[in-house]
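Here is what each chain is made of, one letter per residue.
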Amino acid sequence: MPGYQGKILRVDLGTGKTWVEEKDEMFYRRYWGGRGIIAYYLLNEVPREADPLGPENVLVFAAGPLTGAPFAGSGRNSVGAKSPLTGGYGDAEGGGFFGAELKRAGFDAIVIKGCSEKPVYLYVHDGEAELKDASHLWGKTTGEVEDLIKEELGDRLVRVAQCGPAGENLVRFACVANDLTHFAGRTGMGAVMGSKKLRAVAVRGKGQVQVANPEKLRELARWMTENAPVLAPGLTDTGTAGGTVNLSVAGGLPTRNFKQGSFEGAEKISGQTMRDTVLVDRDTCYSCPIRCKRVVKTETPYKVDPRYGGPEYETIGSLGSNLGIDDLVAICKGNELCNAYGLDTISTGVTIAFAMECFERGLFTLEETGGLDLRFGNKDAVLKAIELIKERKGFGDLLALGSRELSRRIGCGAEDLAMHVRGQEIPMHEPRLKYALGIGYAVSPTGADHCHNFHDTGYEKADSRGFEELKGLGIYDPLPASDLSPEKIHMFWTVTNLRTFANVAVICQFVPWSVQQLEELVRAVTGWNTTAAEILAAGERANTMARVFNLREGIDLSEERLPKRFFQAFSEGPLAGKAADPAVWEKAKITAYKMAGWTEEGIPTKECLARLGIGWASKYLPDKG
Amino acid sequence: MKLKVKLFGDLIRYSPSGRDVFELEVPGFNGSDATVKELIRALGIPEGEVWIITVNGVQAQAERILTEGDEVMIFAPVMGG
Ligand code: SF4
């Protein structure tokens, strides 16, 4: 079938059985892949109130209909399960080659339940699957495991997704690493793998992804290869970290646990400085000419191994400015350690930032931190903390809980210093700069997330590239980043649904395909008569299903809010005196609920589910729906 | 008038040298009446692609008058990811 294989690999780690489930075209057209398929399985197969780290949780690796077709940005995959970090719907996406390889191996997704008694890894190759002993891999770094699996299977081209020692140790924000340099970072999916004693999934396939109109697809792929140097030269040149100085100058670079918005050391840790100092290569994902991935190497004062890639912007912020660290080599080292251990750099950094603020305020003593001098800027303390988190030793065992749980245990007002939404640490985008992004943090099904969110600053000017896209979707008035009017909320949802589409088609959001080109890509790969309306609905449907899952799990909707800090203006810098009024913000959130077809309390109505073609999900709604 | 220019993000595509940092001799500018706006126009950057401008490290508006040796940084809007 063009675009999908029609097969989902099922695994029960409790019994050691694997089997194949076949799905028809309408399943893929309704749920696509990624978040759509994950939410479908979580709603239908995870029992209510299941322990995220218990055998009842279901872990899904999902590609999408566009994944693996030969064009830029199609190498990705999503990983989803009930999240041990938020207690609700969890998923994250990673780049690289794993998603494309999974499709070539004959499957659109892998759905895994149960827990193994002893460590195993799953080997999937050309339509076959086997569970293999992983006792010898347990406790090893991601690099060691990658080497051992490739050696054991006698295949250098196998693609490995794995949880790292942090996942084994159930660190709540452990991530899943693809090929050592690409990460499904958020919501603790590595801990779910660890709880199942599933250390890795290795995939290899010699098959092809069928394409309905290969000639049209070739034409589109060629167009992007020719135009990427003009459309996205910044990403190639300086990677995602190319925006570090921009944000600092604008006052929106998270600094010292979001206490400040500009960092005096921003230039020293920027993508430009990285390019001019420690960068040794640029890496890429399946079929992508942009090459935004960094490869760094250093010898002193810290030795950084280039096989773990280099820091993204998120890591520059979370292990740099937000910890008061202006030493790029130290950030690269922290990034390497997180990658070798399987830790999400955002949650790791933001949880340490929280601990640093507590420490400076005297909520922890040096004795309580086990001698870690957690003052902002102390890079050696940060590197040591990363080791302790991975091992869950000493103070690291507390940090491994994440900022929400840790702040609850401390009490004494520490909750107000923990920068998270519903348990997920806030990424490196400042709601006092981008107001509707803050609404997005609150209403996202995964807690604070930047990937499927709306970045207001891209839509302020009529002739900006970001806004140009929206005209084709019927939005004609650009709005300031600080606007929270209903018009802005409409813009927010349109962009959120569009970005979520990337996570159900399972393609990269950085490759600058226009909406019209996305339509053409879907049509060329699948042969469907897809329009922009179907694209937006696919994103909205997946988001809504994930929300229904959260409601079924009894998520407290009063937690859909931002930490108080984001309503207090900075006292200095470019954004001094500017912050959303809490009443205006709350009203905008309710507008967002209503515009999505939810009640004022935030519950999707039956009519909303019917409009999205998922009326069956209404049985999971609380009574008010 | 010679200026030091630094372009950020995708604005690098408007660099005459292909590099993000360069010196620019702007013909027709004579000290007192050259503005940031004119520099941006001379580089061929569409107005909608400019987010923030700084001159000698301080945020500036498009009407800001430039003088010999000024360091101008031009930033594209940051989306997210
Ligand atoms: S733009 Fe970057 S992240 Fe996206 S596919 Fe290309 S190399 Fe990978």
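Residues numbered from 1 in each chain as written. Chains lettered and ligands numbered in written order. Predicted model: local features only at pLDDT ≥ 70, side-chain atom pairs only at ≥ 80, totals over all residues. Heavy atoms only, no water.

### Observations regarding the sheet that holds strand S1 (residues 7-12) of chain A
Residue and element names in this part refer to chain A. The sheet built from 6 strands is open, its strands ordered S2-S1-S6-S3-S4-S5 with mixed pairing. Looking along the sheet, the strands with just one partner apiece sit at the ends: strand S2 (17-22) and strand S5 (89-94). Along the sheet, successive strands turn relative to each other by an average axial angle of 15°, direction set aside. (Pairing = 2+ DSSP bridges. Helix = DSSP H or I, 4+ residues; strand = E, 2+ residues; numbered from the N terminus. Axes fitted to C-alpha atoms, helices over the stretch in contact; angles between N-to-C directions.)

### Thoughts on the layout of surface pockets
Taken as a whole, the largest pocket spans an internal volume of roughly 1,300 Å³. Along the wall of the largest pocket there are 49 residues; nearest its centre are Arg465, Gln509, Phe510 and Pro512 of chain A together with Met79 of chain B. No other element matches helix H18 (residues 465-471) of chain A, which puts 5 residues into the lining of the largest pocket. By residue class, the composition of the lining of the largest pocket is 24 nonpolar, 18 polar and 7 charged. (1 Å grid on protein atoms, 1.4 Å probe; cavity = no way out; pocket = protein on both sides within 12 Å on 5 of 7 lines; lining within 4 Å. Points joined across faces, edges and corners; volume = space filled by probe spheres on them. Nonpolar A, V, L, I, M, F, W, Y, C, P; charged D, E, K, R; others polar.)

### Things to note about the nonpolar core
All names here are of chain A. Counting 181 residues, the largest nonpolar core has Ile37, Phe71, Leu343, Ile352, Leu374, Phe501 and Trp513 as the members making the most contacts within it. For Ile352, the contacting residues outside a window of four places in its chain are Leu323, Leu374, Val382, Ala385, Ile386 and Ile389. Formed by 27 residues, the second largest nonpolar core is a distinct cluster that contains Phe98, Ile112, Val120 and Val176. (Core = buried A, V, L, I, M, F, W, Y, C linked by side-chain atoms within 4.5 Å. Buried < 20%, exposed > 50% of the residue type's maximum accessible area, 1.4 Å probe, protein only. Contact = heavy atoms within 4.5 Å.)

### Examining the domain arrangement of chain A
Residue and element names in this part refer to chain A. Structurally, chain A comprises domain 1 (7-204), domain 2 (233-418) and domain 3 (435-510 + 531-620). Domain 1 and domain 3 are separated by 28 Å when their C-alpha centres are compared. Every contact between the two is made by 40 residues of domain 1 and, on the other side, 32 residues of domain 3. Regarding the contact of domain 1 and domain 3, the summed buried area is about 2,800 Å², with carbon and sulfur atoms giving 59% of it. Taken together, the links from domain 1 to domain 3 amount to 2 salt bridges. Arg29 is paired through a salt bridge with Glu534; the nearest N and O atoms lie 2.8 Å apart. Among the secondary structure elements, those contributing two or more residues to the side of domain 1 that touches domain 3 are helix H1 (25-31), helix H2 (34-45), strand S4 (77-82) and S5. (Domains from an automatic or database assignment. Buried area = accessible area lost by both parts, 1.4 Å probe. Salt bridge = Lys/Arg side-chain N within 4 Å of Asp/Glu carboxyl O.)

### Quick word on the side chain of Thr500 of chain A
All names here are of chain A. Position of Thr500 among the secondary structure elements: in helix H19 (residues 486-505). A polar contact is formed between the side chain of Thr500 and the backbone oxygen of Thr496, at a distance of 2.7 Å. Side-chain polar atoms of Thr500 contact the side chain of Asn543, separated by 3.1 Å. (Polar contact = N/O pair within 3.5 Å; in protein donor to acceptor, adjacent residues only side chain to side chain.)

### Structural notes on the side chain of Lys390 of chain A
Residues and elements named next belong to chain A. In this fold, Lys390 is placed in helix H14 (residues 379-391). Overall, the relative accessible area of 13% leaves Lys390 in the buried class. Look past the residues within four positions of Lys390 in its chain and what remains in contact with it is Pro165, Ala166, Asn169, Val171, Tyr341 and Leu343.

### Thoughts on the site of the ligand
Close to the ligand lie Gly73, Thr284, Cys285, Cys288, Ile290, Arg291, Cys292, Lys293, Cys508 and Phe510 of chain A. Considering only residue class, the shell around the ligand consists of 6 nonpolar, 2 polar and 2 charged. (Near = heavy atom within 4 Å.)

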